[in-house]
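Spelled out, the chains give:
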Amino acid sequence: MAYGIAHNIIETDHVAMVKHPADKRCVVVYDDNGKQFKLIRFLSELITTNNLQPFDFGELQFSKKKVKNHEFQKKERNSPCYCGSGKKFKKCCISKEYVNGDHVDIVAKLTNIEEIID
């Protein structure tokens, strides 16, 4: 397990949560204002206002959650499907308005850093 101790944190620039230490080198580029960073902005705000300490994380619980399919297009039942399959909409993507998306719950657990280090 890799960890670091930060003192006198003024600003949080980024956070990495990975299963394997080698994954920290994987870089995915998103717009800074993208929805992908909503959680990071929220956590950063909690940490900067001293409402959360970095070691207060107990565990991450991964699950699936129904989310709006941004590719879905409402069509007449008997018209060709928007996906280009050649099938009628009713036989293809009519039930794909919502899809399973990844969801993460952060479960808090108050932790004493000295206990972790010892």
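Our structure's up above, just so we're on the same page.
Keep in mind that this is a model prediction, so the values were computed, not measured.

A. Representation of the environment of Glu-97 within the structure. Along the polypeptide, Glu-97 turns up in the loop between strand S1 (57-68) and strand S2 (98-108). On the basis of relative accessible area, Glu-97 is assigned to the partly exposed category, the value being 29%. As for Glu-97 and His-70, which are separated by 27 residues in sequence, their C-alpha atoms are 8.2 Å apart. If sequence neighbours within four positions are ignored, Glu-97 has contacts with Val-67, Lys-68, Asn-69 and Phe-72. Side-chain polar atoms of Glu-97 contact the side chain of Lys-68, separated by 2.8 Å.

B. Spotlight on the packing of aromatic side chains. Scanning the model with the defined rule gives three aromatic pairs in all. Their ring planes at 80° and their centres at 6.0 Å tell us that Phe-72 and Tyr-82 sit as a pair that is edge-to-face. Residue Phe-72 is located in the loop between S1 and S2, and its partner Tyr-82 is located in the loop between S1 and S2; the two are separated by ten residues in the primary sequence. Note on Phe-72: relative accessible area 16%, which makes it buried. An angle of 50° between the planes, with centres 6.3 Å apart, marks the rings of Tyr-82 and Phe-89 as tilted.

How each quantity is defined
- Residues numbered from 1 in each chain as written.
- Predicted model: local features only at pLDDT ≥ 70, side-chain atom pairs only at ≥ 80, totals over all residues.
- Heavy atoms only, no water.
- Helix = DSSP H or I, 4+ residues; strand = E, 2+ residues; numbered from the N terminus.
- Buried < 20%, exposed > 50% of the residue type's maximum accessible area, 1.4 Å probe, protein only.
- Contact = heavy atoms within 4.5 Å.
- Polar contact = N/O pair within 3.5 Å; in protein donor to acceptor, adjacent residues only side chain to side chain.
- Phe/Tyr/Trp six-rings, centres within 6.5 Å; stacked < 30°, edge-to-face > 60°.

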